[in-house]
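# Close look at the chain arrangement
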Amino acid sequence: MEIKLIRPDLSHKEEAELFKNEFFENNENIINGSEMLDNMDSYDDWLNNVRRNSNPEAVNPEWVLTDTFFATDETNRIVGIIDFRHELKDFLIDFGHCGYSVRPSERKKGYATKMLSMILEIAKNTGLETFQLSVEKTNEPSIKTIVKNGGIYKRSFDYEGETADVYEIKL
C-alpha cells in the first residue's frame, strides 16, 4: 500500500466531491480532519478556507494554523483526509493536534495508521515534541491506529454526552 499526502487544490474538486458523498451515502455526516468539508456546500469555498488557515498571516483568528492533506493511493484516488493543527487553544486542548478520516470503502486497509504516521513526521519537523489526539471511547479502530503510532492514554473528557479519551504521542 502506497499513499501520499497532498495539499488540496482545484484539480481535486471532482474526486473530493466523490469522497465527501461516499460518507453521506454511508450515513456518516461528519468527516473528521476535513476542516468542515462535510459542512461546506462549495468545494471552492472550502478550499479557500483551507488555504487561509494554512497561512500564518491569514488564518482565521478563531482557529489555529492548520495543514490539511488528502491521502491518495497509487491511482490518485482520495482514500482519506487528515489535518495537523500546529497549536492547541480553546476547545482544541481537548480535541488535539489532528483529526482524520478514511473513506468508508477503504477502511481496514491500514490507511489511517499510515496517514497518522506521516502527519507525525510533519509535526516533528515543525519542532513539536508531543502530539495530542482525542478519540471517542467507542471508536476502537481509531484507538488501535493511535496506539500503533505510540499513543499513550492521558485522560478522558465528556463531549455532547459521549466520553472521549485523550492520547499523547512523543515525537
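Residues numbered from 1 in each chain as written. Predicted model: local features only at pLDDT ≥ 70, side-chain atom pairs only at ≥ 80, totals over all residues. Heavy atoms only, no water.

### So, the sheet that holds strand β3 (residues 78-85)
If you walk across this open sheet you meet the 4 strands as β1-β2-β3-β4, and the pairing is antiparallel. Every other strand in the sheet has two partners, leaving β1 (4-6) and β4 (98-102) as the edge strands with one partner each. The mean inter-strand angle of the sheet, taken between neighbouring strand axes irrespective of direction, is 25 degrees. Taken together, the 3 bridges between β1 and strand β2 (residues 66-72) define a ladder with antiparallel strand orientation. (Pairing = 2+ DSSP bridges. Helix = DSSP H or I, 4+ residues; strand = E, 2+ residues; numbered from the N terminus. Axes fitted to C-alpha atoms, helices over the stretch in contact; angles between N-to-C directions.)

### Digging into helix α4 (residues 111-125)
Given a rise of 1.5 Å per residue, 15 residues ought to cover 21 Å, and the 21 Å separating the end C-alpha atoms of α4 matches this to within 8%. Of the positions making up α4, those classed as buried are Tyr111, Ala112, Met115, Leu116, Ile119, Leu120 and Ala123. Seen from one end, α4 has its buried residues packed into an arc of 165 degrees, which puts them on one side. (Expected span 1.5 Å × (residues − 1). Buried < 20%, exposed > 50% of the residue type's maximum accessible area, 1.4 Å probe, protein only. Arc of directions from axis to C-beta.)

### Description of the pattern of salt bridges
Scanning the model with the defined rule gives 12 salt bridges in all. Taking the shortest distance from any N to any O, the salt bridge between aspartate 67 and arginine 7 comes out at 3.1 Å. Taken together, the residues span a long stretch of sequence, with aspartate 67 in strand β2 and arginine 7 in the loop between β1 and α1 (13-25) at a distance of 60 residues. Classification of aspartate 67 as buried rests on a relative accessible area of 8%. Where glutamate 106 meets lysine 109, a salt bridge forms, and the shortest distance between an N and an O atom there is 2.8 Å. You can call glutamate 106 buried: its relative accessible area is 9%. Owing to a relative accessible area of 44%, lysine 109 belongs among the partly exposed residues under this scheme. (Salt bridge = Lys/Arg side-chain N within 4 Å of Asp/Glu carboxyl O.)

### Considering unusual backbone geometry
Unlike most non-glycine residues, asparagine 27 shows phi in positive territory, near 60 degrees. Along the chain, the position of asparagine 27 falls in the loop between α1 and α2 (43-53). Residue asparagine 27 is classed as exposed on the basis of its relative accessible area of 70%.

### Describing the nonpolar core
Nonpolar side chains tend toward joint burial in soluble globular proteins. Counting residues in each nonpolar core, the largest one holds 24 residues, and the members touching the most others are Tyr100, Met115, Leu116, Ile119 and Phe131. Among the secondary structure elements, those contributing two or more residues to this core are β2, β3, β4, α4, β5 (130-136), α5 (140-148) and β7 (162-170). Here the element with the most residues in this core is α4; it accounts for 7 residues. For phenylalanine 131, the residues in contact, after removing those within four places along its chain, are Phe84, His97, Cys98, Leu116, Ile119, Leu120, Ala123, Tyr167, Glu168, Ile169 and Leu171. Grouped together as the second largest cluster of nonpolar side chains are 12 residues, Phe19, Phe23, Leu47 and Val50 included. (Core = buried A, V, L, I, M, F, W, Y, C linked by side-chain atoms within 4.5 Å. Contact = heavy atoms within 4.5 Å.)

None of the figures reported here should be taken as evidence of function without further support.
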